[in-house]
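Structural features, examined
So the chains spell out like this:
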Amino acid sequence: MNVVVGITGGIAAYKAVGVVRGLVLAGHDVHVVATEAALRFVGRPTLEAISRNPVHTELYEGVAEVRHVALGQRADLVVIAPATANTVAKLAAGIADDLLGNTVLASRAPLLIAPAMHTEMWEHPATRANTALLRERGVHLVGPVAGQLTGQDSGVGRMAEPDAIVAAATGLLAPRDLEGRRLLVTAGGTREPIDPVRFVGNRSSGRQGAAIALRAAARGAEVVLVAANLDIDPPQGVELVQVGTAAELERAAREAAGRADAIVMAAAVADYRPVEVAEDKIKKDETGDELELRLVRNPDILRGLADARAEGQIVVGFAAETERDRERQLELGRAKAARKGVDLLVLNRVGWHEGFATERNAITVLSGVGTIMAEAEGTKAEVADRILDLVAAALPPSASRG
Ligand code: C5P
């Protein structure tokens, strides 16, 4: 992959050599764009030898080949390490007064920055506002970490170690195997109103579904995320449709399903909803010591989508079971895969302390006929990638429909 490494003028620039080396060793074609200030901290010959490519600094070099945009356009990833407080501010404002600023603006690739500065600068309201804005735009940050700074002082502001930066960069250089595909992902948990202030709900945070949406977008897919009551900040870079109830989720999902090459139903949809929704808040003195709530079944949205699917469309369902016995869990999963008519069924165990609102997950993926296709354990992003590997493999070669 083509990686631009931007180096700006902080003492940590000497550690950027390790970042360049790590990326080259991982097999990437690395192009260094160093600011003038960066070259006061680390020598051009070192960077050229390690990157095996010329180092670019000057905005007015290579004008004939329109280098100020070419580097950014060609990049699959832009990494800026170190990113000084000044660079962070310039990125937030979209300033392009040097080659690196132009390269960033001319690039549609993911941007990873490794800030490095003194603690006071990192904690300054201006820097905090700038980093918040960059995060909101989908810029990835690695570090800074706490530790010894350049002077006698220590604190947060130290650049992340080169290995951590290379690992973060590698994670962003996902295969673009979903380029041109459209995915519909549902996430979160539906809430069925009882009255204007109460609902019947579940503990799904939406983390796993959101991670699938994010990773699919990173792999090039156009993603519609139908999100029911997410407990987390909605992911960037996807089309977000917010819904509350199962009926709203069904409407939104049906609308997006027609254009989707694959449907991933990670949302926890309430199986039942109250038969009646009280117009006003139900009062204790009117109901007495017991309140009877009558519930009615919600439609099985997944099954409906699977039944109506177009040829070649891949449908993925989820099954959250509290069953502890592995064989019994697989049995339940196989029955569910058949009943729902899905291509893939992702099984995960849930319980009082597992599955929900955690950063990690462990899954088993079954095919429609119950074969174990994959088992994965890791962060929800890692698990998302394993599921997407199976989706990508199952999609017909030119599944993209107009
Ligand atoms: O039957 P169960 O609720 O275990 O099935 C879970 C799968 O079915 C999930 O993919 C969930 O999104 C979907 N589902 C649905 N409509 C419902 C209930 C569940 O689409 N009413």
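What counts and what doesn't
Residues numbered from 1 in each chain as written. Predicted model: local features only at pLDDT ≥ 70, side-chain atom pairs only at ≥ 80, totals over all residues. Heavy atoms only, no water. Helix = DSSP H or I, 4+ residues; strand = E, 2+ residues; numbered from the N terminus. Buried < 20%, exposed > 50% of the residue type's maximum accessible area, 1.4 Å probe, protein only. Contact = heavy atoms within 4.5 Å. Areas by Shrake-Rupley, 256 points an atom, 1.4 Å probe, with all protein chains shown as cover. Lys, Arg positive; Asp, Glu negative; His and termini not counted. Charge placed at Lys NZ, Arg CZ, Asp CG, Glu CD. Pairing = 2+ DSSP bridges. Axes fitted to C-alpha atoms, helices over the stretch in contact; angles between N-to-C directions. Salt bridge = Lys/Arg side-chain N within 4 Å of Asp/Glu carboxyl O. Domains from an automatic or database assignment. Near = heavy atom within 4 Å. Polar contact = N/O pair within 3.5 Å; in protein donor to acceptor, adjacent residues only side chain to side chain. Nonpolar A, V, L, I, M, F, W, Y, C, P; charged D, E, K, R; others polar. Expected span 1.5 Å × (residues − 1). Core = buried A, V, L, I, M, F, W, Y, C linked by side-chain atoms within 4.5 Å.

This brings us to the overall build of the protein. When you go through the protein residue by residue, the secondary structure sums to 15 helices and 19 strands. Along the three orthogonal principal directions, the C-alpha set of the protein runs to about 75 × 55 × 40 Å. Per-residue burial for the protein yields a buried fraction of 50% across its 402 residues. Taking as baseline every contact in the protein between residues at least 6 positions apart, the subset at least 24 positions apart corresponds to 70%. Approximately 19,700 Å² of the protein is accessible, and the part contributed by carbon and sulfur atoms is 50%. A gap of 2 Å separates the mean positions of the 45 positive and 52 negative side-chain charges of the protein.

Most peptide bonds adopt trans geometry, and most residues besides glycine take a negative phi value. Omega for the peptide link from A81 to P82 comes to -5°, which places this bond in the cis form. Within the secondary structure, P82 is located in strand β3 (residues 77-83). The step from G143 to P144 runs through a cis peptide bond, and the omega angle for that step is 0°. The residue R52 is not glycine, and still its phi comes out positive at about 65°.

A word on the sheet that holds strand β17 (residues 344-349). Across the sheet, eight strands lie side by side as β12-β11-β8-β13-β16-β17-β18-β19; this open sheet has mixed pairing. Each edge of the open sheet carries a strand with a single partner, namely β12 (239-243) and β19 (372-379). Within this sheet the neighbouring strands show an average axis-to-axis angle of 15°, counted without direction. Note that strand β13 (residues 262-265) and strand β16 (residues 314-321) share four bridges and pair parallel. Bridge pairing in β16 links V264 to V316. Lying on the sheet, helix α14 (residues 326-340) is in contact with β16, β17, β18 (360-367) and β19; it crosses β17 at an angle near 145°. Strands β8 (182-188), β13, β16, β17, β18 and β19 of the sheet are contacted by helix α15 (residues 380-394), whose axis makes an angle of about 155° with β19.

This paragraph deals with the pattern of salt bridges. Evaluation of the coordinates by the stated rule reveals 20 salt bridges. We note a salt bridge from D300 to K340, for which the minimum N-O separation is 2.7 Å. With a gap of 40 residues between them, D300 in the loop between β15 (295-297) and α13 (301-307) and K340 in helix α14 connect regions that are remote in the sequence. Owing to a relative accessible area of 15%, K340 belongs among the buried residues under this scheme. Across the pair E331 and R328 runs a salt bridge, and its minimum N-O distance is 2.9 Å. On the criterion of helical spacing, the pair formed by E331 and R328 is a turn pair, its members being three residues apart in helix α14. Where salt bridges share partners, they join D177, R215, R219, D385, R386 and D389 into one cluster.

Accessible area lost on assembly of the parts is the figure often given for the size of an interface. Taken domain by domain, the protein comprises domain 1 (2-173) and domain 2 (182-394). Taking only C-alpha atoms, the centre of domain 1 and the centre of domain 2 are 38 Å apart.

Before going further, it helps to examine the site of the ligand. In the neighbourhood of the ligand, 13 residues make up the surrounding shell, with M265, A267, L302, F318 and K336 lying closest. Here an oxygen atom of the ligand sits 2.7 Å away from a polar atom, N or O, in the main chain of M265. Within the contact set of the ligand, an oxygen atom lies 2.7 Å away from a backbone nitrogen or oxygen of L302. In the complex, the protein chains occlude 88% of the 450 Å² of accessible area that the ligand would expose alone. Residue composition of the shell around the ligand, by class: eight nonpolar, one polar and four charged.

As a further point, take the sheet that holds strand β2 (residues 29-34). The five strands are arranged β2-β1-β3-β4-β5 in an open sheet whose pairing can be described as parallel. This sheet does not close on itself; its edge strands, each paired only once, are β2 and β5 (140-141). In this sheet, β3 lies alongside strand β1 (residues 2-7) in parallel orientation, the contact comprising four bridges. Across the sheet, the residue bridging to V4 is V78, located in β3.

Before going further, it helps to examine the side chain of T131. Secondary-structure assignment places T131 in helix α8 (residues 125-136). Apart from residues lying up to four places away in sequence, T131 is in contact with V88, W122 and L141.

Time to look at helix α10 (residues 207-218). In a regular helix each residue adds 1.5 Å, so twelve residues correspond to 16 Å; α10 covers 16 Å between its end C-alpha atoms and thus fits that length. Among the twelve residues in α10, nine count as buried, and that is most of the element. Q208, G209, A210, A211, I212, A213, R215, A216 and A217 are the residues of α10 that are buried. G220 lies just past α10 and shows a positive phi near 105°.

On to the nonpolar core, then. Counting residues in hydrophobic clusters, the biggest one holds 35 residues, and the most contacted among them are L183, V185, I212, V223, V316, F318 and I387. Ranked by the residues each element gives to this core, the list is headed by α15, at seven residues. With residues near it in sequence (within four places) discarded, L183 still touches A216, A221, E222, V223, V224, A262 and L388. V19, V20, V42 and L173 belong to the second largest nonpolar core, which has 32 residues in total.

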